[in-house]
Amino acid sequence: MTTIKRSDTIDLRSDTVTLPTEEMLEAIRNAELGDDVYREDPTVNRLEEMAAKKMGKEAALLVPSGTMANLVSLMSNTKRGDCVILEAESHIYWYEVGGISAIAGLLPWPIRGHMGALDPRDVEAAIRPKNIHFPDTTLVCIENTHNRAGGTVITPRQIEALSKVTREHGLKLYMDGARIFNAAVALKVDVREFTRHVDNLMFCLSKGLSCPIGSLVVGDSEFIERARRIRKILGGGMRQAGIIAAPGIIALEKMIDRLEEDHMNARILAEGIAKIDGLYVDLKRVQTNIVLVDVSGLGVDANTFIAELKKHGLLASYHSRTIVRMVTHYGIVREHIEKALTKIEEVAKYLRSQADS
Ligand code: TLP
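Cut-off values and rules
Residues numbered from 1 in each chain as written. Predicted model: local features only at pLDDT ≥ 70, side-chain atom pairs only at ≥ 80, totals over all residues. Heavy atoms only, no water. Helix = DSSP H or I, 4+ residues; strand = E, 2+ residues; numbered from the N terminus. Buried < 20%, exposed > 50% of the residue type's maximum accessible area, 1.4 Å probe, protein only. Areas by Shrake-Rupley, 256 points an atom, 1.4 Å probe, with all protein chains shown as cover. Lys, Arg positive; Asp, Glu negative; His and termini not counted. Charge placed at Lys NZ, Arg CZ, Asp CG, Glu CD. Expected span 1.5 Å × (residues − 1). Arc of directions from axis to C-beta. Polar contact = N/O pair within 3.5 Å; in protein donor to acceptor, adjacent residues only side chain to side chain. Pairing = 2+ DSSP bridges. Axes fitted to C-alpha atoms, helices over the stretch in contact; angles between N-to-C directions. Salt bridge = Lys/Arg side-chain N within 4 Å of Asp/Glu carboxyl O. Domains from an automatic or database assignment. Contact = heavy atoms within 4.5 Å. Buried area = accessible area lost by both parts, 1.4 Å probe. Near = heavy atom within 4 Å. Nonpolar A, V, L, I, M, F, W, Y, C, P; charged D, E, K, R; others polar. Right-handed = clockwise from strand over helix to strand, strands pointing away.

### What to know about the overall build of the protein
Now for step 1: A count of helices and strands for the protein gives 14 helices and 12 strands.
Now for step 2: The buried share of the protein, reckoned over its 357 residues, is 57%.
Now for step 3: Looking at the protein as shown, the accessible area adds up to about 16000 Å², and 51% of this sits on carbon and sulfur atoms.
Now for step 4: Of the side-chain charges in the protein, 46 are positive and 48 negative, and the distance between the mean point of each set is 2 Å.

### Comments concerning helix 2 (residues 42-55)
Now for step 1: For helix 2, which comprises 14 residues, the first-to-last C-alpha distance of 20 Å matches the rise-based estimate of 20 Å (1.5 Å per residue) to within 8%.
Now for step 2: Listed in full, the buried residues belonging to helix 2 are Thr43, Val44, Leu47, Glu48, Ala51, Ala52 and Met55. For helix 2, the angular spread of buried residues about the axis comes to 165°, placing them on one side. Pointing more than 90 degrees away from the buried face of helix 2 are the exposed residues Glu49 and Lys53.
Now for step 3: N-cap assignment for helix 2: the residue whose side-chain oxygen lies 2.9 Å from the backbone N of Thr43 is Asp41.
Now for step 4: The positive-phi residue at the C-terminal boundary of helix 2 is Gly56, with phi of around 70°.

### Description of the sheet that holds strand 4 (residues 107-111)
Now for step 1: Spatially, 2-8-7-6-5-3-4 is the arrangement adopted by the 7 strands of the open sheet, whose pairing is mixed. Each edge of the open sheet carries a strand with a single partner, namely strand 2 (59-63) and strand 4. Along the sheet, successive strands turn relative to each other by an average axial angle of 20°, direction set aside.
Now for step 2: Pairing of strand 3 (residues 83-87) with strand 5 (residues 137-143) involves 3 bridges; the strand directions are parallel.

### Focus on unusual backbone geometry
Now for step 1: For the bond from Asn144 to Thr145, the omega torsion is -5°, close enough to zero to count as cis.
Now for step 2: Here the phi dihedral of Val97 falls at roughly 60°; this positive angle occurs in a residue that is not glycine.

### Remarks on the pattern of salt bridges
Now for step 1: Tallying each qualifying case throughout the model produces 26 salt bridges.
Now for step 2: With a shortest N-O distance of 3.2 Å, Asp282 and Lys284 are connected by a salt bridge.
Now for step 3: You can call Asp282 buried: its relative accessible area is 19%.
Now for step 4: Through salt bridges with shared partners, a single network forms among Lys79, Asp82, Lys130 and Asp136.

### With respect to the environment of Tyr330
Now for step 1: With respect to the helices and strands, the residue Tyr330 is situated in the loop between strand 12 (323-327) and helix 14 (334-356).
Now for step 2: Here Tyr330 falls in the buried class, since its relative accessible area comes to 11%.
Now for step 3: The spatial distance from the C-alpha of Tyr330 to the C-alpha of Leu19 is 8.0 Å, given a sequence separation of 311 residues.

### Some points on the domain arrangement of the protein
Now for step 1: If you check the domain split of the protein, you get domain 1 (10-15 + 258-356) and domain 2 (22-254).
Now for step 2: With centres defined by C-alpha atoms, the gap from domain 1 to domain 2 works out at 29 Å.
Now for step 3: Taken residue by residue, the interface counts 17 residues in domain 1 and 20 residues in domain 2.
Now for step 4: Between domain 1 and domain 2, roughly 1700 Å² of surface is buried when both sides are summed, and carbon and sulfur atoms account for 48% of that area.
Now for step 5: On the domain 1 side of the interface with domain 2, the three residues burying the most area are Asp15, Leu259 and Arg285, jointly 34% of the side's total.
Now for step 6: Remark: the boundary between domain 1 and domain 2 carries 2 salt bridges.
Now for step 7: Linking Arg179 and Asp15 is a salt bridge whose minimum nitrogen-to-oxygen distance equals 2.8 Å.
Now for step 8: Summed over the shared surface of domain 1 and domain 2, the number is 7 residue pairs in polar contact (both at pLDDT 80 or more).
Now for step 9: Only helix 12 (259-274), strand 9 (290-294) and strand 11 (317-320) provide two or more residues apiece to the side of domain 1 that touches domain 2.

### Section: the pairing of strand 5
Now for step 1: Of all the 7 residues making up strand 5, 7 are buried; the element is thus mostly covered by neighbouring parts of the structure.
Now for step 2: Sheet topology note: the strand 5/strand 6 (residues 172-176) ladder contains 5 bridges and is parallel. Bridge assignment links Glu143 to a residue of strand 6, and that residue is Asp176.

### Observations regarding the site of the ligand
Now for step 1: Ser14, Gly66, Thr67, His91 and Asp176 are the nearest of the 16 residues found near the ligand.
Now for step 2: The contact in question runs from an oxygen atom of the ligand to an N or O atom on the side chain of Thr67, over 2.6 Å.
Now for step 3: Between the ligand and Lys207 there is a distance of 3.0 Å, counted from an oxygen atom to a side-chain nitrogen or oxygen.
Now for step 4: It is helix 3 (residues 66-77) that provides the largest number of residues to the shell around the ligand, a total of 3 residues.
Now for step 5: Here the residues of the shell around the ligand sort into 3 nonpolar, 7 polar and 6 charged.

### A word on the pairing of strand 6
Now for step 1: Counting buried residues along strand 6, 4 of its 5 residues qualify, which places the element largely inside the surrounding structure.
Now for step 2: One crossover worth recording links strand 5 to the parallel strand 6 by way of helix 7 (residues 156-168), and it is right-handed.
Now for step 3: Judged from the 3 bridges that link them, strand 6 and strand 7 (residues 200-204) form a sheet pairing that is parallel. Note on strand 7: the bridge partner recorded for Met175 is Leu201.

What follows is the structure, encoded as structure tokens:
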């Protein structure tokens, strides 16, 4: 049984809007609890063990959000003042309120990737040599799937190529794997194909996997011990966190394979939009559950288009001046996609008529 919002509005702003399943709510109610700062919450311990095993790493740590997972990981992989190479459109660089500098005290060194993927040669060229003037470059971050690139998958082979460079130069390789299961489902491979070449990573429970809260930081035991202390410094040490972990266990057991449905819906949505006059979708980028729609052909900006969609009961989010983002997720079924396409078509027609008059 599923819990779906009783509303006619179709919400494609993000997969973060998903609601927990009935089974998750039941699991929260029945979870065995303890104080997790003392490491005595059996449900949290179980989820962390499951997550580590699934990712092929030694240990894992539950944190409240993806943003905290990235911050804890940045701080656990570096020392203050270090230089961190990351993709110029990455979530860490764009959407985390500058925590990388404001809290972790790091110098972000952005490099533009191709469809979200960093070129190992660009990374190698960006590593600062030992020099009195330069900070130490100690970490490279990748994002998989890549949100702003349109949910694109960074392949295991691309990660392996990057890891050769990071290993050669003694740097750590970290993956913001907020949507790593979308990547695994898209390529139909075990998630460990993506994790084996990185030193550590995080993934989110609260996006496509539909949990209300939670992300996991995963890596070797020493790294996770550091991460546990840093989580505490940041105020993220939680007590009876089993109420967060319980739905997380269900997510790992039951919500991964169904991501395929979100990917199929995104594809149908993207192909439908691509046929509408004045709208453009780069279909190569539609590899998982995100669709980026360029509305510049209608002569309007993204905010105008989003406001019109809203009047028709369809919610989408802002990506950039002329690009609108739509994300498919649990709770959105094929019928919603058909309805969404009708609404988008109506809005496009209206805006075209406005441009002509
Ligand atoms: N992304 C959200 C917004 O913050 C943009 C979204 O709607 O897509 N890494 C990646 C790749 C993410 O997409 C997000 C959330 C995070 C980290 C942060 O996770 P939370 O929202 O749990 O802090």
